[in-house]
Amino acid sequence: MPADALLAYGYLSKTLKFEATFAVREGTFKDSRVRAFGLDGNPFGADPARRSQVVVHDWAAPKDFVIELVADDPDSRVLVAQIAPAETLAATVASALGRLDRLGGEARRIAPDEALAIPRLTLDLEARFGELMGRPLLGDAFRGRRLDEAKQRVQFHLDEGGAGATAEAIVGSYGLPPPRSFLVTAPFLVLLQRRGARAPYLAAWVESTAWMEVLGQVAPPTAPPAGWGPPAGWGPPAG
């Protein structure tokens, strides 16, 4: 580079691992079957350790929740929020962060009869910001200079990583609300944030399978065999 050239360079690398391996399983996202990770529903396997790595910050409906996956760095957070998008990514992030720590006690834990499945994500994106190239720099020291290049590359993955195992068996009871589910099947937000920071250092809104391992399309519902169903004339009395 020429002696009077200007260069600004930023680099961040962070690896977070789950101490207990989440189960590799098949999930759904919109109309596709995708490779996912979560719980396998086996009370005699590793699920109790896996459940201990999940904090439920808020749950309003099967497609409206914010959870945290606890990694090996106590100062970092991995947040997954299946929520409605706001007007901008920044507003969506603020909405998710505003729902942290809403639940307490047992509601913050995933129960043995509650399901969890999150699509695996792998992305490697590079972008050039043409709207910045050629723009003049401000300030007397930079007068007459313009931006010649502006680009960014982002690599990110989210999967079952880590290792660990324990065992537990629990039987559900009657008279309680139906179990929640944490199946990420619709557009969702992923955040990596340093604990105590006001903003995450990575925010990814996922609304397609472009960053997932697609296994095929979701099979359409099958019709019941001929002859099944209520008998002819069954139903409320006429009138």
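Conventions adopted
Residues numbered from 1 in each chain as written. Predicted model: local features only at pLDDT ≥ 70, side-chain atom pairs only at ≥ 80, totals over all residues. Heavy atoms only, no water. Core = buried A, V, L, I, M, F, W, Y, C linked by side-chain atoms within 4.5 Å. Buried < 20%, exposed > 50% of the residue type's maximum accessible area, 1.4 Å probe, protein only. Contact = heavy atoms within 4.5 Å. Helix = DSSP H or I, 4+ residues; strand = E, 2+ residues; numbered from the N terminus. pLDDT = per-residue confidence, 0-100. Salt bridge = Lys/Arg side-chain N within 4 Å of Asp/Glu carboxyl O. Polar contact = N/O pair within 3.5 Å; in protein donor to acceptor, adjacent residues only side chain to side chain. Pairing = 2+ DSSP bridges. Phe/Tyr/Trp six-rings, centres within 6.5 Å; stacked < 30°, edge-to-face > 60°.

## Focus on the nonpolar core
Ranked by internal contacts, the top residues of the largest apolar core, which has 31 residues, are I67, L69, L116, I118, L158 and F188. Residues within four places of F188 in sequence aside, it is in contact with F29, V80, A81, Q82, P119, L121, A204, W205, V206 and M212. Counting 11 residues, the second-largest nonpolar core is a separate cluster that includes V66, I83, V93 and L97.

## Looking at unusual backbone geometry
Positioned with a positive phi, K30 is a non-glycine residue whose angle comes to about 55 degrees. If you trace the backbone, K30 turns up in the loop between strand 1 (23-29) and strand 2 (32-38). Within the chain, D101 stands out as a residue other than glycine whose phi angle is a positive 60 degrees. Tracing the backbone through its elements, the reader meets D101 in the loop between helix 2 (89-97) and strand 6 (115-119).

## Remarks on the confidence of the model for the protein chain
In low-pLDDT regions, the fine details of the predicted coordinates are not to be read closely. The predicted model of the protein chain averages 79 in pLDDT, with 84% of residues at 70 or higher. For the stretch residues 162-177, pLDDT sits under 50, and the model shows 30 contacts to residues farther than four places along the chain or on other chains.

## Quick look at the pattern of salt bridges
In total, this model carries 14 salt bridges according to the counting rule given. For D47, the salt bridge identified is with R50, shortest N-O distance 2.9 Å. Highlighted residues: D47 and R50, both in helix 1 (residues 47-51), separated by three residues, approximately one helical turn. When its relative accessible area of 9% is taken as the criterion, R50 is described as buried.

## A short note on the side chain of D47
Residue classification places D47 among the buried positions, given a relative accessible area of 2%. A distance of 2.9 Å separates polar atoms of two side chains, one belonging to D47 and the other to R50. Excluding residues that lie within four positions of it along the chain, D47 makes contacts with L39, D40, G41 and N42.

## Quick look at the pairing of strand 4 (residues 64-69)
For strand 4, the tally of buried residues reaches five of six residues, placing the bulk of the element in the interior. Bridge analysis of strand 3 (residues 54-61) against strand 4 gives six bridges, and the strand direction is antiparallel. In the sheet register, D58 faces strand 4, and the bridge partner there is V66. Joining the antiparallel neighbours strand 3 and strand 4 is a turn of two residues. Bridge count for strand 4 against strand 5 (residues 76-82) is five bridges, and the pairing is antiparallel. Opposite I67, over in strand 5, you have V80 as the bridge partner. In this structure, the hairpin formed by strand 4 and strand 5 is closed by a connection of six residues.

## Points about the packing of aromatic side chains
Think of a pair of aromatic rings as described by two things: how far the centres are apart, and how the planes are tilted against each other in angle. With the rule as written, the count across this model stands at four aromatic pairs. Between F22 and F37 the ring centres are 5.7 Å apart and the planes differ by 55 degrees, which places this aromatic pair in the tilted class. Taken together, the positions of F22 in the segment before strand 1 and F37 in strand 2 put the pair 15 residues apart, joining distant regions of the chain. The pair F22 / F37 is uniform in exposure class, with both members buried. Arranged with centres 5.3 Å apart and planes meeting at 75 degrees, the rings of F65 and F182 form a pair that is edge-to-face. Placement of F65 in strand 4 and of F182 in strand 9 (residues 181-183) is noted, with a sequence separation of 117 residues between them. Classification of F65 as buried rests on a relative accessible area of 0%. By relative accessible area, which is 0% here, F182 ends up buried. An aromatic cluster is defined as three or more aromatic residues linked by ring pairs; in this entry it consists of F18, F22 and F37.

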